[in-house]
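Inside the fold
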Amino acid sequence: MFDWDDLRYFLAAARAGSFSAAAQTTGVDTATVSRRVARLETALKATLFVRSAAGLQVTSTGSRLLETGLQAETAMHAAARSGDPEAGGGTVRISVAEGFGAHVLAPALPAFRRGRPTLRIELAANAGFLSPTRREVDLAVTLSAPTDGRLLVEPLTDYQLAVYTSSRYLADSGPLDDAEDLRRCQVVGYVDDLLYSPELRYLDEVAPGLETALSSSSIRAQCEIILAGGGVGVLPCFLAEGLVRVAPRVLLQRRFWVSTLREVAASARVRAVRAWLQDLAVARSRDLRPFD
């Protein structure tokens, strides 16, 4: 049996992506974090991390331990909060981009709420964002970091985007090995004057002057158009199931940020949801950044 405290250092390193960053969050030195993770690996007889230019990468065994460890950590936090009068429940409304909300957050919500049966979650997953400062939501997951000083803002996770098409369209179009090959394709993307965030302007990064033939304000509608053989498009990798990646040298990266009003950020219900979002981002890192 391993020391449960070693698991805490493993989780911190998995979240932070390095032993040094994990040391800052846990209040110990880097050597201590490294030693405790090594001791955990010895106890489990498994390698949990590999090093890369991007930092620590969780192995397949580490991913399984991460999922279980996050559940254990949630249970421990719930036990620690058992005397908190606010911990019993309440309502938290979250604003989040449509694709991330529907594909990543929504499937994870039932398991989260089973541990907090009196907590009510309202998920606003739209093509656009509602505002914590206008009291429209308690939490907002956005594509850029708000600058309003009334907000507590933290990075949530990076995610990757690539160019995808259907196997049917690729069979008709022939090889699409380079970004320039996309100029002879039907391009699927956003309606330009309905873009709700500048981070969604992808096409000029792919190939300057590239224009859409079919467009929608909805990323899920774009996915359906591409799946139906309607062309090629830039999609978050976590939405590309069933599609074929083309122009493989094209790989874009964006970041999600989570923000809430400082005056409500300390409430138990909001703290619980913020912690859940951070843990979920770590647990789904391979889906969000598959080409790291």
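Further up the page is the structure itself.
As the structure is a computational prediction, the values presented were derived from the model and not from experiment.

Focus on the overall build of the protein
Scanning the protein from N- to C-terminus turns up 11 helices and 11 strands. Taken against the 2.2 N^0.38 rule, which gives 19 Å for 292 residues, the C-alpha radius of gyration of the protein at 21 Å falls within 12% of a compact globule. Within the protein, the fraction of its 292 residues that count as buried is 47%. Across the protein, contacts joining residues at least 24 apart in sequence account for 76% of those joining residues at least 6 apart. Total accessible area computed for the protein in this model is approximately 14400 Å², and 51% of it derives from carbon and sulfur atoms. When the 33 positive and 33 negative side-chain charges of the protein are each reduced to one mean point, those points stand 6 Å apart.

Some thoughts on the nonpolar core
Counting residues in each nonpolar core, the largest one holds 59 residues, and the members touching the most others are Phe100, Val141, Val206, Phe256, Val273, Trp276 and Leu277. Setting aside its immediate chain neighbours within four residues, Val141 contacts Ile94, Ser95, Val96, Ala97, Phe100, Phe129, Leu156, Phe256, Trp257, Val258 and Leu277.

Here's the deal with the packing of helix 1 (residues 4-16) against helix 3 (residues 30-44)
Interhelical geometry of helix 1 versus helix 3 gives an angle of 120 degrees and a closest axis separation of 8 Å. With respect to their mutual orientation, helix 1 and helix 3 come out oblique. Considering how the two elements wind past one another, helix 1 and helix 3 form a crossing that is left-handed. Contact residues: Asp5, Asp6, Leu7, Tyr9 and Phe10 in helix 1; Val33, Arg36, Val37, Arg39 and Leu40 in helix 3. Tallied by class, residues from the contact of helix 1 with helix 3 come to six nonpolar, no polar and four charged.

Thresholds applied
- Residues numbered from 1 in each chain as written.
- Predicted model: local features only at pLDDT ≥ 70, side-chain atom pairs only at ≥ 80, totals over all residues.
- Heavy atoms only, no water.
- Helix = DSSP H or I, 4+ residues; strand = E, 2+ residues; numbered from the N terminus.
- Rg over C-alpha atoms; globule rule 2.2 N^0.38 Å.
- Buried < 20%, exposed > 50% of the residue type's maximum accessible area, 1.4 Å probe, protein only.
- Contact = heavy atoms within 4.5 Å.
- Areas by Shrake-Rupley, 256 points an atom, 1.4 Å probe, with all protein chains shown as cover.
- Lys, Arg positive; Asp, Glu negative; His and termini not counted.
- Charge placed at Lys NZ, Arg CZ, Asp CG, Glu CD.
- Core = buried A, V, L, I, M, F, W, Y, C linked by side-chain atoms within 4.5 Å.
- Axes fitted to C-alpha atoms, helices over the stretch in contact; angles between N-to-C directions.
- Parallel < 35°, antiparallel > 145°, perpendicular 65-115°, else oblique.
- Left-handed = near helix turned anticlockwise from the far one by under 90°.
- Nonpolar A, V, L, I, M, F, W, Y, C, P; charged D, E, K, R; others polar.

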